[in-house]
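# Working through the structure, step by step
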Amino acid sequence: MEYWNPKAETMPRQELEAWQWRKLQRALRHARAHSPFWRDRLPEEITSLEDYARRVPLLYKSDLLAAEQQAPPYGTWPSIDPVRGVRHHQTSGTSGNPPVRTIDTMGDWTWSVDTFCTSLHAMGVRPHHKGMVAFGYGLFMGFWGMHYALERMGCTVVPAGGLDSRTRIRLLVDYGIEVVGLTPSYAMRLIETAREMGIDLAEEANVKIILAGAEPRSKFTTRTIEEAFGARVFNAAGTTEFGGVFMFECPARRGACHIIESSVIEEVLHPETKQPVGYGEEGVRVTTGLSREGMQLFRHWTEDLVVRQPWSACGCGRTWDFYDGGIIRRVDDMRKIRGVSVTPVMVEDVVRAFDEVSEFTTSVRSVRGLDTVFIEVEPRTVPGGDLTTLTRRIAEEFKREIGIRPEVRLAPEGSLPRQEWKAARFRDERVLVSQH
């Protein structure tokens, strides 16, 4: 087994924890000395990792937004003079909240790119590969780091920002691209576009490794992407608040997403009691960054639900623990509908199982006092498909799998939106009504 950084990835756990403690002490000193925000939140004389977890308060996104509002754009949060920054990024704001803005030094950016290198190398990317990152290269940090990581690793990078889907398909085929980075939603869009062009990606393209990140995806979506491209789909995750990748999927065990513990301390807490949970139990990620200088994070409540497993349960030789299945879902994605907990990934697993569905959207509305799920599906003709019974079959399967019978309607061809970045297929209109 090859590693990008063998010492960090295979360090004995006792040494790793001692290293984390030294890095945490340095990060705390830096934050107290340079960040007004952290100076007010961090207690003095923290004596151990356990003492740190006990005494430092949880950090919520609302805390960061409030800090920004005191002195926009970055507020009291940064631990550097923003003049030293070389890159500005901000969150996507897809949840309806204002974006969180960040600034990075050159050292921060070097570290961030290295987290992508660690991840890509583990997935099998090597210098002889050609790569393409299919996203818009905008303010969202997203796959920026992947582009620079591919360059650092010696790969040839074909820039694909600002191109339409048909042009990207042609690039994939004509240049024999082997490594692709994109969101699961956009992968599905490329599959649809290739079909329209009469191109069989598995036969005519040369893609071998797909990093599909930035949003949760269903198991069905993963299988669909792999079969269409004839490639292995890997998971990885990072956040703008953290500044880099914090986990990546290991090829040695499907779904085992190793935590990059040389750069982060991760706790898993019960969503309600906020107490630690053990291996194999579901809880919320609480993250502490150890390597970023400009925008530091200490005990950030992420809303990501995960199940942590010990490093020894994966056979790759890394001593980093992993999240089984990556981010399962987000606490703020879950909706109670007629007493049933429903998430966008659950809906996608049901609807995507029908080959006749090209695209779909879901909304929840209150109809005469009863919460009702509405699903609009844009159909396509497939061999053996039956569009006349499609809505009924989807409704029956949804009822069987989730426990609620939705209203399913057909949408005209080409009428539903396609996204290059994070998809927004689930809309809870009950929340919107209650806010006005």
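Not measured: the values here are computed from a predicted model.

### Points about the overall build of the chain
Helix and strand counts for the chain stand at 14 helices and 21 strands. Expected size for 436 residues packed as a compact globule is a radius of gyration near 22 Å; at 22 Å, the chain falls within 12% of this value. Its C-alpha atoms give the chain principal-axis dimensions of roughly 70 × 55 × 45 Å. Of all intrachain contacts in the chain linking residues separated by at least 6 positions in sequence, the fraction that spans at least 24 positions is 66%. As displayed, the chain offers around 18,800 Å² of accessible surface, 50% of which is attributable to carbon and sulfur atoms. Here the chain carries 56 positive and 59 negative side-chain charges, and the mean point of each set is 1 Å from the other.

### Some points on the packing of aromatic side chains
Applying the stated criterion to the full structure yields twelve aromatic pairs. With 4.6 Å between their ring centres and 40° between their planes, Phe135 and Tyr137 make a pair best called tilted. Of the residues examined, Phe135 reaches a relative accessible area of 3% and is grouped as buried. The class for Tyr137 is buried, based on a relative accessible area of 18%. The interplanar angle of 80° and the centroid separation of 6.5 Å between the aromatic rings of Phe242 and Phe246 together place this pair among those described as edge-to-face.

### Details of helix H7 (residues 144-152)
Of the residues making up H7, those classed as buried are Trp144, Gly145, Met146, His147, Ala149 and Leu150. Lining the buried residues of H7 we find strand S1 (87-90), helix H6 (106-123), strand S3 (130-133), strand S4 (156-157), strand S5 (179-182) and strand S6 (209-212). Immediately beyond the C-terminal end of H7, within one or two residues, lies Gly154, with a positive phi of roughly 95°.

### Considering helix H8 (residues 165-174)
Taken residue by residue, H8 has Ser165, Arg168, Ile169, Leu171, Leu172 and Val173 as its buried positions. The inward-facing, buried residues of H8 abut S3, S5, helix H9 (184-196), helix H10 (201-204) and helix H11 (219-229). Where H8 begins, the capping side chain belongs to Asp164, and its oxygen is found 3.1 Å from the backbone nitrogen of Arg166. Note on H8: the residue one or two positions beyond its end, Gly176, has a positive phi of about 60°.

### Some thoughts on the pairing of strand S18 (residues 357-367)
Judged by how many residues are buried, S18 sits mostly within the fold: eight of eleven residues are covered. Bridge count for S18 against strand S19 (residues 370-379) is ten bridges, and the pairing is antiparallel. In the sheet register, Val364 faces S19, and the bridge partner there is Val373. Hairpin connection between S18 and S19: a loop of two residues separates the two successive antiparallel strands, and Arg368 in this loop has a positive phi of roughly 50°. Two strands pair when backbone bridges link them, and S18 and strand S21 (residues 426-428) are joined in this way by three bridges, in the parallel orientation. Across the sheet, residue Thr362 finds its bridge partner in S21, namely Phe426.

### Structural notes on the nonpolar core
The tendency in soluble globular proteins is for nonpolar side chains to be buried as a group. Formed by 37 residues in total, the largest nonpolar core has its most connected members in Leu24, Trp38, Trp77 and Phe298. For this core, the leading source of residues is helix H2 (residues 13-34), giving five residues. Excluding residues that lie within four positions of it along the chain, Trp38 makes contacts with Ala31, Leu59, Trp77, Ser79, Gln296, Leu297 and Phe298. Formed by 32 residues, the second largest nonpolar core is a distinct cluster that contains Trp109, Val133, Val179 and Val245.

### Digging into the environment of Thr222
Along the chain, Thr222 turns up in helix H11. In this structure the C-alpha to C-alpha distance between Thr222 and Ala53, which are 169 residues apart in sequence, comes to 36 Å.

### A few points about the pattern of salt bridges
A side chain with one charge can pair with a side chain of the opposite charge if their charged atoms come near. Counting across every chain of the model gives 31 salt bridges. Of the charged contacts in the structure, one is a salt bridge between Glu44 and Arg32, with a shortest N-O distance of 3.9 Å. On the criterion of sequence distance, the pair formed by Glu44 in the loop between helix H3 (36-41) and helix H4 (49-55) and Arg32 in helix H2 is long-range, its members being twelve residues apart. Overall, the relative accessible area of 52% leaves Glu44 in the exposed class. Note that Glu267 and Arg299 form a salt bridge whose closest N and O atoms lie 2.9 Å from each other. Placement of the pair is Glu267 in strand S11 (residues 264-269) and Arg299 in the loop between strand S12 (282-289) and strand S13 (300-309), with a sequence separation of 32 residues. We classify Glu267 as buried; its relative accessible area is 14%. Residue classification places Arg299 among the buried positions, given a relative accessible area of 7%. The structure contains a network of salt bridges with shared partners spanning Arg13, Glu261, Arg308 and Asp321.

Definitions and limits used
Residues numbered from 1 in each chain as written. Predicted model: local features only at pLDDT ≥ 70, side-chain atom pairs only at ≥ 80, totals over all residues. Heavy atoms only, no water. Helix = DSSP H or I, 4+ residues; strand = E, 2+ residues; numbered from the N terminus. Rg over C-alpha atoms; globule rule 2.2 N^0.38 Å. Contact = heavy atoms within 4.5 Å. Areas by Shrake-Rupley, 256 points an atom, 1.4 Å probe, with all protein chains shown as cover. Lys, Arg positive; Asp, Glu negative; His and termini not counted. Charge placed at Lys NZ, Arg CZ, Asp CG, Glu CD. Phe/Tyr/Trp six-rings, centres within 6.5 Å; stacked < 30°, edge-to-face > 60°. Buried < 20%, exposed > 50% of the residue type's maximum accessible area, 1.4 Å probe, protein only. Polar contact = N/O pair within 3.5 Å; in protein donor to acceptor, adjacent residues only side chain to side chain. Pairing = 2+ DSSP bridges. Core = buried A, V, L, I, M, F, W, Y, C linked by side-chain atoms within 4.5 Å. Salt bridge = Lys/Arg side-chain N within 4 Å of Asp/Glu carboxyl O.

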